[in-house]
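Single-letter residue listing:
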Amino acid sequence: MRHFTSVKDIGDLRAALQEAFTVKADRFAYQHLGKNKTLIMIFFNSSLRTRLSTQKAAMNLGMNVIVLDINQGAWKLETEHGVIMDGDKTEHLLEAIPVIGCYCDVIGVRSFARFENKTDDYEEKIISQFIKYSGRPVFSMEAATRHPLQSFADLITIEEYKKVERPKVVLTWAPHPKALPQAVANSFAEWINETDYDFVITHPEGYELDPRFVGNARVEYDQRKAFEGADFIYAKNWSVYNDPHYGEVLNKDRSWTVDAEKMALTNNAYFMHCLPVRRNMIVTDEVIESAQSIVIPEAANREISAQVVLKKILESL
Ligand code: CP
């Protein structure tokens, strides 16, 4: 694997899942792969899980790790081509990227949708430039439209917890006070669509995702109906995708909050969320603290998904 930005890059999904379970059983068995290799992780946006789990995964593989938080101590970067740089941006991405590439063997990038220009976001303008100009393998630590390390960890978790071969998995929109990207929801849909699970997406009208990600999923506007018989409830907020309201929050309707009454409609479903989560907006305290909440093992599997991806990249160097 050279670059990792979507499910398409992981190859055979069944084999990747099997590899994840092998890595999880002995995560220090591949230390030789990363010896004298350096990972630089670039963060344009904040993180807790991605930063810690990816660094841990790299250390499991024997790699050296450098973390650069662009908003803390780095020069402010210009990302637009052709601008006269007479403002507060000191360095252009077109110099910064190849310079970063000089100091490492692999680059991880976190760069969220900016909601300034839908085309720029959906063409993945930032991570695409890292792939084009760094000369190094690049992997996504959440880009504008996808969060593949999260989705891979989600799938590992579902495979670990499922009680039937073909579980009913429901992705539900839930309210949030601020505009969030569609990346986690898009990516979750993209990965689940690669399985044979019974997959339903539920959200209020106006929150339709890009049809390229929805794929063959059933869309159900009645959240309660969607929850009936579900084995897994995956909650996430996202802002509007469709024009002319791209990136906007249309409502903060707390009747969409995942609560115990709705969970009672399910087949004793497990509750999942990528975290960080706004309690009593997305999900009630009662549900996230219940025995059916698997948000912590889900987060723990971020180390495994990152390690499989880094291992595949290192094997290709
Ligand atoms: N789920 C996730 O990516 O968490 P962080 O934003 O804390 O990295």
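Residues numbered from 1 in each chain as written. Predicted model: local features only at pLDDT ≥ 70, side-chain atom pairs only at ≥ 80, totals over all residues. Heavy atoms only, no water.

Asks: Which parts of the structure should I look at to understand the sheet that holds strand E1 (residues 38–43)?
Replies: Within a sheet, neighbouring strands are paired by backbone hydrogen bonds and run either parallel or antiparallel to one another. Taken in spatial order, the 4 strands make up an open sheet running E2-E1-E5-E6, and their pairing is parallel. Because the sheet does not close on itself, it has two edges, and the strands there are strand E2 (64–69) and strand E6 (138–140). For this sheet the average axis-to-axis angle between neighbouring strands, irrespective of direction, equals 20 degrees. Two strands pair when backbone bridges link them, and E1 and strand E5 (residues 106–110) are joined in this way by 5 bridges, in the parallel orientation. Bridge pairing in E5 links Met41 to Gly108. (Pairing = 2+ DSSP bridges. Helix = DSSP H or I, 4+ residues; strand = E, 2+ residues; numbered from the N terminus. Axes fitted to C-alpha atoms, helices over the stretch in contact; angles between N-to-C directions.)

Asks: I'm lost on the domain arrangement of the protein chain in this one. Help?
Replies: Reports often express the size of an interface as the amount of accessible area lost when the parts come together. Taken domain by domain, the protein chain consists of domain 1 (7–146 + 302–316) and domain 2 (150–299). The gap between the C-alpha centroids of domain 1 and domain 2 is 25 Å. With 28 residues of domain 1 at the interface, the matching set in domain 2 holds 33 residues. Summed over both sides, the interface between domain 1 and domain 2 buries roughly 2600 Å², with carbon and sulfur atoms accounting for 64% of that surface. It is Phe115, Lys118 and Tyr122 that lose the most area in domain 1 upon contact with domain 2, and together they represent 27% of the buried surface on that side. Connecting domain 1 to domain 2 are 5 salt bridges. Salt-bridge contacts for Arg14 lead to Glu159; the nearest nitrogen and oxygen are separated by 3.5 Å. (Domains from an automatic or database assignment. Contact = heavy atoms within 4.5 Å. Buried area = accessible area lost by both parts, 1.4 Å probe. Salt bridge = Lys/Arg side-chain N within 4 Å of Asp/Glu carboxyl O.)

Asks: Honestly, the side chain of Lys236 in this entry has me stumped. Any pointers?
Replies: Here Lys236 shows up in strand E10 (residues 232–236). Aside from chain neighbours lying at most four places away, what touches Lys236 is Leu171, Thr172, Trp173, Ala174, Leu180, Val184, Ala185, His273 and Cys274.

Asks: Before we go on, may I ask you to explain the pattern of salt bridges in this structure?
Replies: Two side chains of opposite charge can pair, provided their charged atoms sit close to one another. Counted under the stated rule, the structure contains 21 salt bridges. Residue Lys162 is joined to Glu159 by a salt bridge in which the shortest nitrogen-to-oxygen separation is 3.1 Å. Taken individually, Lys162 and Glu159 each receive the classification buried, so the pair is uniform in this respect. Taking the shortest distance from any N to any O, the salt bridge between Arg218 and Asp198 comes out at 2.8 Å. (Buried < 20%, exposed > 50% of the residue type's maximum accessible area, 1.4 Å probe, protein only.)

Asks: Please explain the layout of surface pockets as it appears in this structure.
Replies: It is a probe the size of a water molecule, rolled over the atoms, that shows where empty space is left. Taken as a whole, the largest pocket holds about 460 Å³ of empty space. Lining the largest pocket are 25 residues; nearest its centre among them are Arg110, Phe112, Glu142, Leu275 and Pro276. Of all the elements in the fold, those that place two or more residues in the lining of the largest pocket are helix H2 (49–60) and helix H7 (183–192). Here the residues of the lining of the largest pocket sort into 11 nonpolar, 8 polar and 6 charged. Here the second largest pocket defines a volume of roughly 310 Å³. If you go around the second largest pocket, you meet 15 residues; those closest to its centre are Phe44, Ile70, Asn71, Leu77 and Arg114. Taken together, the residues of the lining of the second largest pocket break down into 6 nonpolar, 4 polar and 5 charged. (1 Å grid on protein atoms, 1.4 Å probe; cavity = no way out; pocket = protein on both sides within 12 Å on 5 of 7 lines; lining within 4 Å. Points joined across faces, edges and corners; volume = space filled by probe spheres on them. Nonpolar A, V, L, I, M, F, W, Y, C, P; charged D, E, K, R; others polar.)

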